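# A structural walkthrough
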Amino acid sequence: MIRDFFRLIRWQNLLFAAAVVWLMEKMVAVPLLERVGLPEILPWWMLYLLLLGVVFIAAGGYVINDYFDVKIDSINRPEQLIVTRSFSKQQAMLFHQVLTGIGIVAGIVVSVFLRSWSLGLTFILIPGLLWFYSSSYKRQFIIGNVIVSVVAAIVPMVVAMANGEYVRLHYANDPLYLYVSRDIYVWIGVFALFDLLTTFIREVLKDLQDQDGDRELECRTLPIRIGDLRTKVLLTVLIAVVAGGAAYIVWYCLPFVHEWKSISVRYWIFGLVIPLLCELYLLWSAKLPSDYKFAQGLMKFIMLIGVLFSIVIRYQL
C-alpha cells in the first residue's frame, strides 16, 4: 500500500522538483547575491517552505491526473493502474485535497512574509491549472502540453520570485540590489525556459506512446491531429532549439574563465549534444509504445543534466 502511494505521487519526479528549487537557490541566486556583497538573503525556512509547497502541489497534481485517467490508463498501461486497483477514487481525491492544501498553505505563508501577492497567487493558480489540465485540457489539441510545460517552468521561477521580492522589500532604495534582482530573474529564467522546452518534448513523446488509449477516448492530442511524421519534425526542431540555446549560453553569456569555459563546453557536448542526438535517433526509429517510453526516459535524463549545469555556472557567476 505504501509503495503504491509513492508510485501514485511519482516520488522520483518530486525529488527532481525539489532538486530544481534547491539548485536554483544555492547555485544561481546565492552566487549572484555574493557578487554584490550579500550573503544568502532568503531565510532557510522560507526556502524549505517553497520547496515543500512545490513538492506537495506537484504530488497532488499527479494524484488528480491518475484520478481522471483511469479509463485511458486501463488501455495504455493496465499493469500500472493504481487508482481503482490499490486505492479507490474517493481515497485518491482525498489524497489530492490534502497534498494540494498543504502545498498551497506553505506557499502562501512565504508570500505573506514577503508581502508578495504575485507569489501567493502563483501557489493558488497552479493547482487550478493542474486540475483543469487533468480533467479536460490534456485531451485537447496542444493546450495540455503547453500547460504542463508552463507549470514545469514556474518551479524554478518561484525561487527567482521569492528572492526578487525579498530584495524589493529590504533594498528597494538601492539600485545595485535591484540590478542583482534582475540578474536572478534572467539566469533562473534561462533554466525555466529549458524546463519548458524539454517538458513539452517529453509530453509529446508521451502522447506518441499513448495513442491507442487516446484514440479510444477521442482525445485530440498532437500526434492524433497532425500525424506521427509532422509531430516528429516538430520535436526535431525543438531539440535543435534546446541544443542551440545551450550553446549560446555557454559561448556568449558566461564570463570567460578559461578552465571553467572549457568545462562548460565539454558539459554541453557530452551532457546535452550527444544525448540529444541519441534522442533524435530514438525518436525517428521509434515504432512501438515501448520505444517512445525509452525516449521519454532519455529526455528525463537530459532534463536532469540541464538542471545540474547550474553547479558549473555557480563558479562562473
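It should be emphasised that the depicted structure is a prediction, and the values quoted were computed from it without experimental measurement. (Residues numbered from 1 in each chain as written. Predicted model: local features only at pLDDT ≥ 70, side-chain atom pairs only at ≥ 80, totals over all residues. Heavy atoms only, no water.)

Moving on, we come to the overall build of the chain. When helices and strands are counted, the chain shows 12 helices and zero strands. When the elements of the chain are put in sequence order from the N terminus, they spell out α-α-α-α-α-α-α-α-α-α-α-α. The C-alpha radius of gyration computed for the chain amounts to 20 Å, which stays within 12% of the reference 20 Å derived for 317 residues, consistent with globular compactness. Expressed as lengths along the three principal axes of its C-alpha atoms, the size of the chain is roughly 60 × 40 × 30 Å. For the chain, the proportion of its 317 residues judged to be buried stands at 51%. For the chain, the proportion of contacts with a sequence separation of at least 24, taken over those separated by at least 6, is 77%. Summing over all exposed atoms, the chain offers an accessible surface of approximately 15100 Å²; the carbon and sulfur share of this is 68%. (Helix = DSSP H or I, 4+ residues; strand = E, 2+ residues; numbered from the N terminus. Rg over C-alpha atoms; globule rule 2.2 N^0.38 Å. Buried < 20%, exposed > 50% of the residue type's maximum accessible area, 1.4 Å probe, protein only. Contact = heavy atoms within 4.5 Å. Areas by Shrake-Rupley, 256 points an atom, 1.4 Å probe, with all protein chains shown as cover.)

Turning to the pattern of salt bridges, a few remarks are in order. Evaluation of the coordinates by the stated rule reveals eight salt bridges. Notably, a salt bridge pairs Arg7 with Asp4, separated by 3.1 Å at the nearest N-O pair. Note that Arg7 and Asp4 are positioned in helix α1 (residues 2–8) at a spacing of three residues, about one turn of the helix. With its nearest N and O atoms 3.3 Å apart, the salt bridge here joins Lys206 to Asp210. You can call Asp210 buried: its relative accessible area is 3%. Salt bridges sharing common partners tie together Arg35, Arg182 and Asp183. (Salt bridge = Lys/Arg side-chain N within 4 Å of Asp/Glu carboxyl O.)

A pair of packed helices is characterised by two quantities: the angle between their axes and the separation of those axes. Axis separation between helix α3 (residues 44–68) and helix α6 (residues 117–135) bottoms out at 8 Å; the angle between their running directions is 15°. Taken as axis vectors, α3 and α6 run roughly parallel relative to one another. In the crossing of α3 with α6, the sense of the turn from one axis to the other is right-handed. Listed contacts from α6 to Leu50, Gly53, Val54, Ile57, Gly61, Ile64, Asn65 and Phe68 of α3 are Leu119, Phe123, Ile126, Pro127, Leu130, Trp131, Tyr133, Ser134 and Ser135. The residue inventory of the contact of α3 with α6, partitioned by class, reads 12 nonpolar, five polar and no charged. (Axes fitted to C-alpha atoms, helices over the stretch in contact; angles between N-to-C directions. Parallel < 35°, antiparallel > 145°, perpendicular 65-115°, else oblique. Left-handed = near helix turned anticlockwise from the far one by under 90°. Nonpolar A, V, L, I, M, F, W, Y, C, P; charged D, E, K, R; others polar.)

With that settled, consider helix α2 (residues 11–34). Its 24 residues place the ends of α2 33 Å apart at the C-alpha level, agreeing with the 34 Å of an ideal helix rising 1.5 Å per residue. Helix geometry: α2 is bent most strongly at Met24, by close to 30°. (Expected span 1.5 Å × (residues − 1). Bend = angle between axes of the 7 residues up to and from the residue.)

Moving on, we get to the nonpolar core. Core analysis: the biggest nonpolar cluster contains 96 residues, and Met24, Leu119, Ile188, Ile201, Leu205 and Leu235 have the highest contact counts within it. Non-local contacts of Leu235, meaning those with residues more than four positions away in its chain, are made with Ile201, Val204, Leu205, Leu208 and Leu283. (Core = buried A, V, L, I, M, F, W, Y, C linked by side-chain atoms within 4.5 Å.)

Before going further, it helps to spend a moment on the side chain of Asp210. Relative to the assigned elements, Asp210 resides in the loop between α8 (175–209) and α9 (211–216). Not counting chain neighbours up to four residues away, the residues in contact with Asp210 comprise Asn76 and Arg77.

This brings us to the side chain of Gln296. Positionally, Gln296 belongs in helix α12 (residues 289–313). For Gln296, a relative accessible area of 9% corresponds to the buried category. Leave out the neighbours within four places in its chain, and Gln296 touches Arg202, Leu205, Lys206 and Gln209.

Let us now look at unusual backbone geometry. For Thr84, which is not glycine, the phi dihedral falls at a positive 85°. The exposure class assigned to Thr84 is partly exposed, which follows from its relative accessible area of 44%. With a phi angle near 65°, Ile142 is a residue other than glycine that sits in the positive phi range. Structurally, Ile142 can be placed in the loop between α6 and α7 (143–170). Residue Ile142 is classed as partly exposed on the basis of its relative accessible area of 28%.

This part takes up the packing of aromatic side chains. With the rule as written, the count across this model stands at seven aromatic pairs. Both rings, one in Tyr67 and one in Phe68, keep their centres 5.1 Å apart while their planes meet at 85°; by these two values the pair is edge-to-face. Classification of Tyr67 as buried rests on a relative accessible area of 18%. Relative to Phe95, the ring of Phe87 has its centre 5.2 Å away and its plane inclined at 85°; by these criteria the two rings are edge-to-face. Take Phe87: its relative accessible area is 5%, and that puts it in the buried class. For Phe95, a relative accessible area of 22% puts it in the partly exposed group. Over the aromatic face of Tyr67 sits the side chain of Lys89, whose NZ or CZ is 4.5 Å from the ring centroid. (Phe/Tyr/Trp six-rings, centres within 6.5 Å; stacked < 30°, edge-to-face > 60°. Lys NZ or Arg CZ within 6 Å of the ring centre and 35° of its normal.)

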